[in-house]
Amino acid sequence: MTVTRPARLTGAALCAALALLTAVWILKDLAALGSPSDLAWYWAGDHHFLLRGRSATSLTDPVLLLVSVATVVAALRSRHAASALAATGAVTLALRLPGLWAPGNGALVTALLALALAAGLLVTAAAGRRSDAAPYEPRPTRPRTGPAVAAGVLLAVAALVLALWELYWATELHLDIAVDRFTGGRTLTKAALAPPPGWLSLFLVALYGTAAVSAFARARHSRAFGLLAGVFLTAGGLAEVARATRYEVIGQFGDLPTIDRLSVLTAFFGLLAGVAVLALLAGRGAPAAAPAPYPPGGTPTPAPPCPPPPGW
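Everything numeric here is computed off the predicted structure, so don't read it as measured data.

(A) Representation of the packing of helix H4 (residues 82-96) against helix H8 (residues 197-217) in the model. The N-to-C vectors of H4 and H8 enclose an angle of 160 degrees; their axes lie 10 Å apart at closest approach. When the axes of H4 and H8 are compared, the pair comes out roughly antiparallel. Considering the relative orientation of H4 and H8, their crossing is right-handed. Contact residues: H4 offers Val-91, Ala-94 and Leu-95, while H8 offers Trp-199, Leu-200 and Phe-203. Here the residues of the contact of H4 with H8 are counted per class, giving 6 nonpolar, no polar and no charged.

(B) View of the environment of Ala-163. For Ala-163, the position within the fold is in helix H6 (residues 145-172). For Ala-163, a relative accessible area of 28% puts it in the partly exposed group.

(C) View of the side chain of Asp-180. Residue position: Asp-180 is located in helix H7 (residues 175-183). You can call Asp-180 buried: its relative accessible area is 12%. The contacts of Asp-180, once residues within four sequence positions are left out, are Gly-185, Arg-186, Thr-187, Leu-188 and Pro-196.

(D) Up close: the packing of helix H1 (residues 5-33) against helix H5 (residues 105-127). For the pair H1 and H5, the least separation of the axes is 9 Å and the interaxial angle reads 160 degrees. Here H5 runs roughly antiparallel to H1, going by the angle between their axes. Here H1 and H5 pass one another in a crossing that is left-handed. Of the residues in H5, those in contact with Ala-7, Thr-10, Gly-11, Leu-14, Cys-15, Ala-17, Leu-18, Leu-21 and Trp-25 of H1 are Gly-106, Thr-110, Leu-113, Ala-114, Leu-117, Gly-120, Leu-121 and Thr-124. Each residue belonging to the contact of H1 with H5 can be placed in one class, and the counts come to 11 nonpolar, 6 polar and no charged.

(E) Highlighting the side chain of Glu-166. For Glu-166, the location among the structural elements is in helix H6. Judged by its relative accessible area of 10%, Glu-166 falls in the buried class.

(F) Representation of helix H10 (residues 258-282) within the structure. Helix length check: H10, at 25 residues, gives a terminal C-alpha distance of 36 Å against a target of 36 Å (1.5 Å per residue), a fit within 8%. The set of residues buried in H10 consists of Val-264, Ala-267, Gly-270, Leu-271, Ala-273, Gly-274, Val-277 and Leu-281.

(G) View of the pattern of salt bridges. Per the stated rule, a full pass over the model turns up 3 salt bridges. Across the pair Asp-46 and Arg-246 runs a salt bridge whose closest N-O atoms are separated by 2.6 Å. Taken together, the residues Asp-46 in the loop between helix H2 (36-43) and helix H3 (60-77) and Arg-246 in helix H9 (residues 222-246) connect sequence positions 200 residues apart. A relative accessible area of 39% places Arg-246 in the partly exposed class. Arg-96 is the salt-bridge partner of Asp-61, the closest N and O atoms lying 2.8 Å from each other.

Procedures and definitions
- Counting from 1, residues in each chain are numbered in the order their sequence is written.
- It should be noted that, the model being predicted, local features are given only for residues of pLDDT at least 70 and side-chain atom pairs only at 80 or more, the latter also being counted only at that level, while totals for whole chains, interfaces and linings use all residues.
- By convention in this description, side-chain values take in all heavy atoms of the structure and omit both hydrogens and water.
- Note on method: axes are straight lines fitted to C-alpha atoms, helices fitted across the in-contact stretch only, with angles between N-to-C directions ranging 0 to 180 degrees.
- Secondary structure elements follow DSSP: runs of H or I no shorter than four residues count as helices, runs of E no shorter than two count as strands, and numbering proceeds from the N terminus.
- With respect to orientation, any angle under 35 degrees is reported as roughly parallel, any angle over 145 as roughly antiparallel, any angle of 65 to 115 as roughly perpendicular, and every other angle as oblique.
- Two helices crossing with the near one rotated counterclockwise from the far one by less than a right angle form a left-handed crossing, whereas a clockwise rotation gives a right-handed crossing.
- In this analysis, two residues are considered to be in contact whenever any of their non-hydrogen atoms come within 4.5 Å of each other.
- Side-chain classes are defined by residue name, with Ala, Val, Leu, Ile, Met, Phe, Trp, Tyr, Cys and Pro counting as nonpolar, Asp, Glu, Lys and Arg as charged, and the others, Gly among them, as polar.
- Note on exposure labels: buried denotes an accessible area under 20% of the residue type's maximum, exposed denotes more than 50%, and partly exposed covers the range between, all computed with a 1.4 Å probe on protein chains only.
- Here, expected helix span is obtained from the residue count minus one, scaled by 1.5 Å.
- Here, a salt bridge means any Lys or Arg side-chain nitrogen found within 4 Å of an Asp or Glu carboxyl oxygen.

Pasting the structure below:
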């Protein structure tokens, strides 16, 4: 499945707008906090030091910025960018949707703009596809069986671990707080643009699970969704490991309560599994099968047109 050139340019422009929207908020936070390191530690979840302001962004914002920029590059360079455009649009929709009921006009306006751009990406990815590609046109390759299965196992385990953590918090927290973790209620303190933690966990479970199933099936779109899942898994694990290192939790691992030990182990698993998924799915795909030869008297494969057809 290829994407027409106008659709690729449109998708790149929409992703660039998404990246710009996120970059404006990050620059605003940098101006408010005055220190890139303070903002980075805030994204990592360290809120115990004095700040000269409150961050409006969270860890999801630099990740979305990275994903948007990468999709711009993919749309401009590859004719097979439909899955990347669709994945970026779906992820943006899921993560910006809670902004519709978040307090503050800035979060609402940002959510409305991001949702409109994300919907445009989905429409562009669907409407710009060309399924009638000629036999000589290369198609997206499937991931190799070994790396795909290994990445699928890691993503499936990550989804299971995250789901178990949500079940734990649902039984440990008061009902009002547990509900607010998904709806962003008043008992929850978070950055203005950040999705509620429970909502984010459900999204990540769905993303990891979808990417795992796609990897097991060796679907042609599995690389886009798998790499996207790997980025989120790596970023979350890196943030938690950095925070644990900052507070010297790792050196006191033997003295920690059981639940804190599991939290540290989950952080390291997320970091290592995320890096492994990125490495496994970033490699070359399996070579495409050679087309079957034409029977005697059959029609030979036409030569590639020159110049390319309109809209390519």
